[in-house]
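Examination of the molecular architecture
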Amino acid sequence: RWLDDSHGVERSEALVLVRDGRGNTKTILHADSGAYVDPVASVADLSEFAGEFVEITTIVRQASESGSRPRPMLWTELSVTEESLPSVATTRAMDERPNIVLLMFDTLRADFTEPYGATDVSTPNFRALAEESATFLNAFAPTSWTRSSVATMMSSLHETRHGTVTIADKLAEEVPYLPERLRDNGYRTIGISMNGHITRQWGFDRGFDAFHELGRQREQIVNEDPTPDGYMNGLWDRYVAPERENAAGPFFLYFHEIDPHGPYTPRAPFDAMYPSPYSGHPELEADNINLVRQGLTELRPQDIAHLRTRYRGEVSFIDAVLGALMNRLRAEGLADNTILIVTSDHGEEFGEHGGIGHMVTLYDEVLRVPLIWSWPERIRPTREPATAGLIDVAPTLLETLGLPIPPEMEGRDLSPVMRGASPMREYPVLGQLGGNRDRARRSVAWAGWKLCERRFGAESEYELFNTLQDPGEVTNQWTSQREAGGALRQLLEWYAYQSSGVGTAKEERIPME
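Source: prediction; values computed, not measured.

**Side note on helix 2 (residues 146-155)**
Counted residue by residue, helix 2 has 10 buried out of 10 residues, so it is predominantly covered. Within helix 2, burial applies to Thr146, Arg147, Ser148, Ser149, Val150, Ala151, Thr152, Met153, Met154 and Ser155. Buried residues along helix 2 sit in contact with strand 6 (99-105), helix 3 (159-162), helix 4 (178-184), strand 10 (251-257), strand 11 (338-343) and helix 10 (393-400). Of the residues one or two after helix 2, serine 156 is the one with positive phi, at around 60 degrees.

The following block contains the structure:
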């Protein structure tokens, strides 16, 4: 909209020009006020430039040179908007709303599963699920430790805004929380956590009708029937079935499985799936990962290979657990109307950057996770290469269900690509570890580049990687690619400014576009 304040004496015009990355300029709007007094509204279509970096120039001016004094003209409203399509659930009756199962496998690297390129580990259930689902090939956790990562997934806020930054921090009560939104909209909400970070103590029971903390009981539960089918069916019969009997409506199940988190101790027959003769540190056979962290850090290549082998065994075990869950949904007649989301809170390092485990760095081996969405006949099978994050889970699910997205949420809705409505735009994905404290780490990945920052008080050290050419993040190009590095550093500072307060509404902050 623009305003011509000439009171009809002069005609005015508005122009919008777009200059693309090749230097070509195109006029996409040329509108005439017709000597109107009221604000004039015009719309320009930017769709042909979707996914490109462009420069947009907007002009309002007198339509002709009359020799008279220039009249004041100004934009009264200027915005870039995205057309939205109806959600997949908006037309469904309330009693037909889908059930939801959000399955979180702790410490699962994407590249240790077949849909993400693994060739040395067997994950047939991941493969089968991905073939009929929306699989996000470049999905990232927001950090490399559990509590903060799950807080981001459930609130769609970065860690400096949801308040869970250190191991002493509890999830802030004022932040939006996915289970609460679902419970308030008629869902029976059930939580099962095998991880000590996801407990009442740290504020994660909010919004759950039933919340079961089973971390200390897990070994006993598994030992009752150590097969994947027995383990999953035992959990379902004990903790899910009674809740379904008590509610007529749909249910939301959040199941946080601790494997393949260390120590890597796969059960039979998964402990023998990948034979690997090993003679080395005997401690690695017992409490392997913890002893490594306590000082057994001079690991030889065969030691790291041994750890990877045991981890692969645990990955194959949780793949079978996934298969058992899918079988149970079919047996209960729930599979066709259940949204199944499978992901992980973070990955795991095996010496790629000098360490073992997680919660230390923000390289891809600890951030890149699987993200698979299934809803038969409603979510289109696709393999989406654009970046996505756990921060997008809550808004995507709410939009898919036809529920309003709280304005505080920072993630974006991924459902259009799952409906086949439009290609996904490439967005930056932020990583944080330690918030804005001294010695914290931050990262941002975008358009084939990734910048990692390590802070030392007021000083920072940067690493820049071209992840398309260097997926292992080996060659630091910070000094040779200053334009790319500088742009990503600006994004990091922008994020820090945006995330400066818990509970700030999105519209009160500078928009990403």
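**Some words on the environment of alanine 268**
Structurally, alanine 268 is set in the loop between strand 10 and helix 7 (288-293). Considering only alpha carbons, one finds alanine 268 and proline 226, 42 residues apart in sequence, at a separation of 8.4 Å.

**Let's talk about the packing of helix 1 (residues 124-131) against helix 8 (residues 301-331)**
To characterise two packed helices, one gives the angle between the axes of the helices and the distance between these axes. Across the interface, helix 1 lies against helix 8 with an axial gap of 7 Å and an inter-helix angle of 50 degrees. For the element pair helix 1 / helix 8, the angle class is oblique. Contact with helix 1, carried on its side by Pro124, Asn125, Phe126 and Leu129, involves Ile318, Asp319, Ala320, Leu322, Gly323 and Met326 of helix 8 and no other residues of that element. Classifying every residue of the contact of helix 1 with helix 8 by side-chain character gives seven nonpolar, two polar and one charged.

**Looking at the pattern of salt bridges**
In the structure shown here, the tally under the stated rule is 23 salt bridges. Glutamate 219 is paired through a salt bridge with arginine 267; the nearest N and O atoms lie 2.5 Å apart. Here the residue glutamate 219 occupies a position in helix 5 (residues 218-224), and arginine 267 occupies one in the loop between strand 10 and helix 7, the gap between them amounting to 48 residues. For glutamate 219, a relative accessible area of 44% gives the class partly exposed. Given the relative accessible area of 21%, arginine 267 is considered partly exposed. Connected through salt bridges with shared partners, the residues Arg218, Glu219, Glu257, Asp259 and Arg267 form a single ionic network.

**Examining the sheet that holds strand 20 (residues 459-466)**
Taken in spatial order, the four strands of this open sheet run 17-18-19-20, and their pairing is antiparallel. Looking at which strands have only one partner, the edges of the open sheet turn out to be strand 17 (429-433) and strand 20. Taken pair by pair, the neighbouring strands of this sheet meet at an average axis angle of 15 degrees, ignoring direction. In the packing of helix 12 (residues 482-498) onto the sheet, the strands contacted are strand 17, strand 18 (441-446), strand 19 (449-456) and strand 20, and the crossing angle to strand 18 comes to about 120 degrees.

**Description of the pairing of strand 7 (residues 134-140)**
Where burial is concerned, most of strand 7 is hidden: six out of the seven residues are buried. Pairing geometry for strand 7 and strand 15 (residues 371-374), over two bridges, is antiparallel. Within strand 15, the position partnered with alanine 134 by the bridge is tryptophan 373. Direction of pairing for strand 7 relative to strand 16 (residues 382-389): parallel, over a ladder of six bridges. Bridge pairing links alanine 134 to threonine 382 in strand 16. Taken together, the two bridges between strand 7 and strand 14 (residues 368-369) define a ladder with antiparallel strand orientation. Note on strand 14: the bridge partner recorded for alanine 139 is valine 369.

So, how was this worked out
- Residues numbered from 1 in each chain as written.
- Predicted model: local features only at pLDDT ≥ 70, side-chain atom pairs only at ≥ 80, totals over all residues.
- Heavy atoms only, no water.
- Buried < 20%, exposed > 50% of the residue type's maximum accessible area, 1.4 Å probe, protein only.
- Helix = DSSP H or I, 4+ residues; strand = E, 2+ residues; numbered from the N terminus.
- Contact = heavy atoms within 4.5 Å.
- Axes fitted to C-alpha atoms, helices over the stretch in contact; angles between N-to-C directions.
- Parallel < 35°, antiparallel > 145°, perpendicular 65-115°, else oblique.
- Nonpolar A, V, L, I, M, F, W, Y, C, P; charged D, E, K, R; others polar.
- Salt bridge = Lys/Arg side-chain N within 4 Å of Asp/Glu carboxyl O.
- Pairing = 2+ DSSP bridges.

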